[in-house]
Amino acid sequence: MRIILLGPPGSGKGTQAQLLVQRYGIVQLSTGEMLRAAVAAGTPVGLKAKEIMASGSLVPDEVVVGIISDRIDQPDARNGFILDGFPRTVPQAEALDELLKAKRLKLDAVIELRVNESALLHRVETRVAQMRERGEEVRLDDTPEVLTKRLANYRSQTEPLIHYYSERRKLSTIDGMMAIDEVTRAIDRQLQALGAVEPQEAGKGKTRSAAKTAPVKKARAAKKSAKKPAKAAKKAAKPAKSAKKASKKAVKGPRNAAKKSVKKTVKKAAKKTAKKAVKKGAKKVAKKVTKKRAKR
Ligand code: ADP
């Protein structure tokens, strides 16, 4: 099962995502958490994201698309995942569509948690107080000023996704003002109605795809990974070809230009991943060589 949770800061996405993880044995992919981890670890992505996040702005699309693309490929995401905080802009949603298509994965649902804006500030204040009580470090962007900016960003950049997914008949809207367990039940009912989970299995931790197709999927995955080196080589050879195509397309008008920019975002992210893979490979080879030398 693959779903997206959509909603403003404080709408309860993180809370519901964790409950869904326990219920269905799928993973939560939160770009906010991943970025915070990158900041804490001081990685290049973290260094780039630190100031942007603290000010309440959005990290560049290609950065988060790259992170998500890599994460979806991890073995623990094979059973399914909940995207929390991604996509956050229309170009990110378009890039996700491309990514899923390329990976031959289907999105089951987009769950929008709708809440009264007046409740959000209070919810975030409660979250801050609880974190302090537990002795946890409070997020730099959980201040009233930055929250106002995050909300404004949500309205202008993320809310258009409601229309995007409703047009594609993927959107389910849930009242996020209900109690936590009521929201969870409403999400469950919706997932059952969509056929994403089997009614008798709901609450027992099984999704339709996990229950029915796990062996087939395993076999497919094994086949896929066997094919990987060839695929990687193909991928590496692609940019030059598609650059030509893209320049031809650019003269064809704004629609194509928009498409091009999505492809660019995905390509940029893919290139980065490819580079990383090459680096990793090079490191392995270097290690082997030094080992051999040492033996001699
Ligand atoms: P929120 O409670 O606002 O939903 P998150 O933990 O999801 O918070 O994200 C915190 C910050 O991380 C955002 O304000 C933004 O700077 C960055 N971020 C997270 N996800 C994305 C994304 N998909 N695109 C761009 N920036 C992101």
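If you're wondering where the values come from, they're calculated on a predicted model, not measured in any experiment. Within each chain, residues carry numbers counting from 1 in the order of the written sequence. Under the rules for a predicted model, residues below a pLDDT of 70 receive no local features and side-chain atom pairs below 80 are neither given nor counted, while totals for whole chains, interfaces and linings still include all residues. Calculation of side-chain values draws on the structure's entire complement of heavy atoms; hydrogens and water are dropped beforehand.

Caption draft 1: View of the overall build of the protein chain. Secondary structure assignment for the protein chain yields 11 helices and five strands. Burial classes: relative accessible area under 20% of the type maximum marks a residue as buried, over 50% as exposed, and values in between as partly exposed (1.4 Å probe, protein chains only). Within the protein chain, the fraction of its 296 residues that count as buried is 35%. A contact between two residues is defined here by any heavy atoms of the two lying within 4.5 Å. A separation threshold of at least 6 residues defines the contact pool for the protein chain, and within that pool the share at least 24 residues apart is 74%. Reported accessibility uses the Shrake-Rupley method at a 1.4 Å probe radius. Residues are deemed covered only where the shown protein chains occlude them. In the form shown here, the protein chain has an accessible surface area of approximately 18100 Å², with 56% of it arising from carbon and sulfur atoms. Secondary structure elements follow DSSP: runs of H or I no shorter than four residues count as helices, runs of E no shorter than two count as strands, and numbering proceeds from the N terminus.

Caption draft 2: Layout of helix 3 (residues 44–55). Here helix 3 has its buried residues at G46, A49 and M53. An end-on view of helix 3 places all buried positions within 75 degrees of arc, on one side of the element. In helix 3, those exposed residues whose orientation departs by more than 90 degrees from the buried face are P44, L47 and E51. Each element contacted by the buried residues of helix 3 is listed here: helix 2 (31–41). Just beyond helix 3, the residue with positive phi is G56, at close to 90 degrees. An arc is given here, and it is the one of the directions from the helix axis to the C-beta atoms.

Caption draft 3: Here's a closer look at the pattern of salt bridges. Counted as salt bridges are all cases of a side-chain nitrogen of Lys or Arg within 4 Å of a carboxyl oxygen of Asp or Glu. Taken as a whole and judged by the stated rule, the model has 14 salt bridges. Here R150 and D142 are joined by a salt bridge, their closest N and O atoms 3.0 Å apart. Judged by relative accessible area, which is 8%, D142 ranks as buried. Of the charged contacts in the structure, one is a salt bridge between R168 and E167, with a shortest N-O distance of 3.7 Å. Judged by its relative accessible area of 54%, E167 is exposed.

Caption draft 4: Up close: the confidence of the model for the protein chain. pLDDT expresses how confident the predictor is about each individual residue, on a scale running from 0 to 100. When the pLDDT values of the protein chain are averaged, the result is 79; 67% of them are 70 or greater. For residues 209–255, every residue scores under 50 in pLDDT, and the model assigns this stretch 20 contacts once sequence neighbours within four places are set aside.

Caption draft 5: The arrangement of the packing of helix 6 (residues 117–133) against helix 7 (residues 144–158) in detail. Working convention: axes come from line fits to C-alpha atoms, limited for helices to the stretch in contact. Angles between N-to-C directions cover 0 to 180 degrees. Put simply, helix 6 and helix 7 touch, their axes get as near as 11 Å, and they point 135 degrees apart. Considering the angle they form, helix 6 stands oblique to helix 7. The element helix 6 and its partner helix 7 pack so that their crossing is right-handed. Facing E117, L120, L121, V124 and R127 of helix 6, the residues of helix 7 in contact are P144, L147, R150, L151 and R155. For classification, angles of less than 35 degrees are called roughly parallel, those exceeding 145 degrees roughly antiparallel, those between 65 and 115 degrees roughly perpendicular, and all remaining angles oblique. Crossing handedness is read from the near helix: turned anticlockwise from the far helix by less than a right angle, it gives a left-handed crossing, and turned clockwise, a right-handed one.

Caption draft 6: Up close: the UniProt feature "binding site: ATP" (unreviewed entry) in the protein chain. UniProt positions are given in the numbering used here, feature names are shortened, and annotations may be inferred rather than shown by experiment. Under the UniProt annotation, the feature "binding site: ATP" (unreviewed entry) is placed at G10, S11, G12, K13, G14, T15, R134 and M178. For S11, the location among the structural elements is in the loop between strand 1 (2–6) and helix 1 (13–24). Of the residues examined, S11 reaches a relative accessible area of 3% and is grouped as buried. Every residue in contact with S11, bar those within four places of it in the chain, is listed here: L113, V115, L120, R123 and G176. Contacts described as polar in this section are N or O atom pairs within 3.5 Å, which, within protein, must combine one atom able to donate a hydrogen with one able to accept it, while residues neighboring in sequence count only if both atoms come from side chains. Looking at S11, its side chain comes within polar contact range of the main-chain oxygen of P8, at 2.7 Å.

Caption draft 7: Structural detail: helix 4 (residues 61–72). Expected span of a helix: the number of residues minus one, times 1.5 Å. Helix length check: helix 4, at 12 residues, gives a terminal C-alpha distance of 16 Å against a target of 16 Å (1.5 Å per residue), a fit within 8%. Of all 12 residues making up helix 4, nine are buried, and the element is well covered by its neighbours. Considered for burial, the residues of helix 4 that qualify are V63, V64, V65, G66, I67, I68, S69, D70 and I72.

Caption draft 8: Seen up close, the UniProt feature "binding site: AMP" (unreviewed entry) in the protein chain. Within this structure's numbering, the places UniProt gives as "binding site: AMP" (unreviewed entry) are T31, R36, S57, L58, V59, G85, F86, P87, R88, Q92, R139 and R150. Mapping L58 onto the fold places it in the loop between helix 3 and helix 4. Mapped onto the elements of the fold, R150 is located in helix 7. Take R150: its relative accessible area is 10%, and that puts it in the buried class. Beyond its immediate stretch of four places on either side in the chain, R150 contacts P9, G56, R127, R139, D141 and D142. A polar atom in the side chain of R150 sits 3.0 Å from the side chain of D142.

Caption draft 9: A look at the site of the ligand. Close to the ligand lie 19 residues; T31, R36, S57, G85 and Q92 are nearest. At 3.1 Å, a backbone N or O of V59 approaches a nitrogen atom of the ligand. Between the ligand and R150 there is a distance of 2.9 Å, counted from an oxygen atom to a side-chain nitrogen or oxygen. It is helix 2 that provides the largest number of residues to the shell around the ligand, a total of four residues. Note on residue classes: Ala, Val, Leu, Ile, Met, Phe, Trp, Tyr, Cys and Pro are nonpolar, Asp, Glu, Lys and Arg are charged, and everything else, Gly too, is polar. For the shell around the ligand, the residue count by class is seven nonpolar, five polar and seven charged. For this description, a residue counts as near a given molecule or strand if any of its non-hydrogen atoms is within 4 Å of it.

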